[in-house]
Amino acid sequence: MDDFLTLQEIVAAAKSNLPPGPWSYLVGGAETETTVRRNRHALDSLAFRPRVLRDVSRIDSTGFFFKEKTRLPILLAPIGGLESLVEGGAATAARAAAQFGVPQMLSSVCKPGLEETAAAAKTIRSFQLYVRGDDAWVDDFVRRAKDNGFTSFCLTVDVASYSRRERDIVGRYVKPWRARAQEGAAFQAGLSWDQVKRFKDKHDLPLILKGIATVEDAQLAVDHGVEVVYVSNHGGRQLDHGLGTMAVLPEILKIVGKNAQVWVDGGFMRGSDVVKAIALGAKCVGLGRLTGLGLAAGGAAGLVRTLEILEEEIRICLGLLGVTSYAQLGPQHLAAAPVVNLPDTFSAFPLLTRL
Ligand SMILES: Cc1cc2nc3c(=O)[nH]c(=O)nc-3n(C[C@H](O)[C@H](O)[C@H](O)COP(=O)(O)O)c2cc1C
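Owing to the predicted nature of the structure, the values given are computational and were not obtained by experimental measurement.

Engineer: Talk me through the pairing of strand β8 (residues 207-212); I want residue IDs and the actual numbers.
Structural biologist: With respect to burial, β8 is a largely interior element, six of its six residues being buried. Pairing geometry for strand β7 (residues 150-156) and β8, over four bridges, is parallel. By the bridge assignment for β8, Leu 155 is matched with Leu 209. The pairing of β8 with strand β9 (residues 228-231) spans four bridges and is parallel. Note on β9: the bridge partner recorded for Ile 212 is Val 231. The parallel pair β8 and β9 is bridged by helix α11 (residues 215-223), and the resulting crossover is right-handed.

Engineer: Before we move on, could you go through the environment of Asp 55 and cite the residues and values that matter?
Structural biologist: Position of Asp 55 relative to the elements: it lies in the loop between β1 (46-48) and β2 (63-65). A relative accessible area of 59% means that Asp 55 is categorised as exposed. It is 7.5 Å that separates the C-alpha atoms of Asp 55 and Gly 322, two residues lying 267 residues apart in sequence. In this structure the side chain of Asp 55 is engaged in a polar contact, spanning 2.5 Å, whose partner is the side chain of Ser 57.

Engineer: Run through the site of the ligand, naming residues and quoting values.
Structural biologist: Around the ligand lies a shell of 21 residues, among which Pro 78, Ser 107, Thr 156, Asp 265 and Gly 267 are the nearest. The backbone of Gly 80 places a nitrogen or oxygen atom 2.9 Å from a nitrogen atom of the ligand. When the ligand sits alone it has 600 Å² of accessible area, and the protein chains cover 98% of it. Of the residues that constitute the shell around the ligand, the class distribution is seven nonpolar, 10 polar and four charged.

Engineer: Account for the packing of aromatic side chains, naming residues and giving values.
Structural biologist: For the structure shown, the criterion picks out 10 aromatic pairs. Here the aromatic rings of Trp 137 and Phe 141 are separated by 4.8 Å at their centres, their planes lie at 65°, and the arrangement is edge-to-face. With Trp 137 and Phe 141 both in helix α6 (residues 135-147) and four residues apart, this pair spans about one turn of that helix. Residue classification places Trp 137 among the partly exposed positions, given a relative accessible area of 30%. Arranged with centres 5.9 Å apart and planes meeting at 65°, the rings of Tyr 230 and Trp 263 form a pair that is edge-to-face. Taken as a pair, Tyr 230 in strand β9 and Trp 263 in strand β10 (residues 261-265) lie far apart in primary sequence, 33 residues in all. Side by side, Tyr 230 and Trp 263 carry an identical accessibility label, which is buried. An aromatic cluster is built from Phe 127, Trp 137, Phe 141, Phe 150, Phe 153 and Phe 199, whose rings are joined through pairwise contacts. Positioned above the aromatic ring of Phe 100, the side-chain terminus of Arg 71 is 3.8 Å from the ring centre.

Here is what the cut-offs are and how they apply
- Residues numbered from 1 in each chain as written.
- Predicted model: local features only at pLDDT ≥ 70, side-chain atom pairs only at ≥ 80, totals over all residues.
- Heavy atoms only, no water.
- Buried < 20%, exposed > 50% of the residue type's maximum accessible area, 1.4 Å probe, protein only.
- Helix = DSSP H or I, 4+ residues; strand = E, 2+ residues; numbered from the N terminus.
- Pairing = 2+ DSSP bridges.
- Right-handed = clockwise from strand over helix to strand, strands pointing away.
- Polar contact = N/O pair within 3.5 Å; in protein donor to acceptor, adjacent residues only side chain to side chain.
- Near = heavy atom within 4 Å.
- Areas by Shrake-Rupley, 256 points an atom, 1.4 Å probe, with all protein chains shown as cover.
- Nonpolar A, V, L, I, M, F, W, Y, C, P; charged D, E, K, R; others polar.
- Phe/Tyr/Trp six-rings, centres within 6.5 Å; stacked < 30°, edge-to-face > 60°.
- Lys NZ or Arg CZ within 6 Å of the ring centre and 35° of its normal.

Pasting the structure below:
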């Protein structure tokens, strides 16, 4: 895997390893893919304001997932159907997470499932649920998650309907796990803040709400005592024509204050992207497609290599900004700037077409 020297090469390897159906599933978004592009646009319209002559010979790029130290301030975002991207599915991702030292958030629609994935590797584990059953069904997942060493629980709340992913539809790619999902669709559409309240009243696992995209909902999340407001638009895979997550992050951070942690995902492909989110005040950054690309490029070793390169990019970025830790980083290191590359899923990799 040391042959991969750049993230661009990892993307190219993933593309050549995956059949067209799974590739489109991994990289695609909803309808016009405007939200996908806006995620990148919001990241690319932030420039850095570097400080110099600050002795950056020792840099600490580690982060925290709640109270646990992690090698980077990131998490492997939940990905359903990982088994379509890599042999061993979620268990392979768990091994990579453990080897590198970052948390894995396991999707409830991923094989080989909760127990087997937990048994595959000892890593920091969070469990993400699509609510596709009644309260007893949810409680059973919470019990199983706790029994298997998952230390936090995530409800994804931006999935009232499954969106129209036109790359999949046009390509006639039928995802096996979608058939199972139909049964729970009514529960997903019926989800409300009542269930968040019920969860908080009944369970003591820290609760993450994933898919918050407005200050109004961030405030409601805080009012309900949620531990983490996870700012996300599902990587532009659900509601089309949304705002980029980095465009809404500052106002959400302001309203949440110290009442909860704020995490973010959507379009993060580079170390500099991660640094921008942390500079604004996010505590953790989720990697969706990049996780899938790393796995598709070379299994667990491919994802570890992806994270190593990302780490090197983060460390270089911090040093060039004149900081030695995230604590020294802040909005003063950022400025609004015009975007210079047309944003899309792979605009972070300008050499890609030439590889
Ligand atoms: C192939 C794929 C499958 C996904 N499956 C889930 C899922 O099961 N649950 C969930 O909450 N989010 C899911 N997501 C959304 C990711 O968790 C994350 O929010 C998003 O991918 C972040 O954007 P990025 O891909 O640009 O990094 C999925 C994303 C991808 C790319």
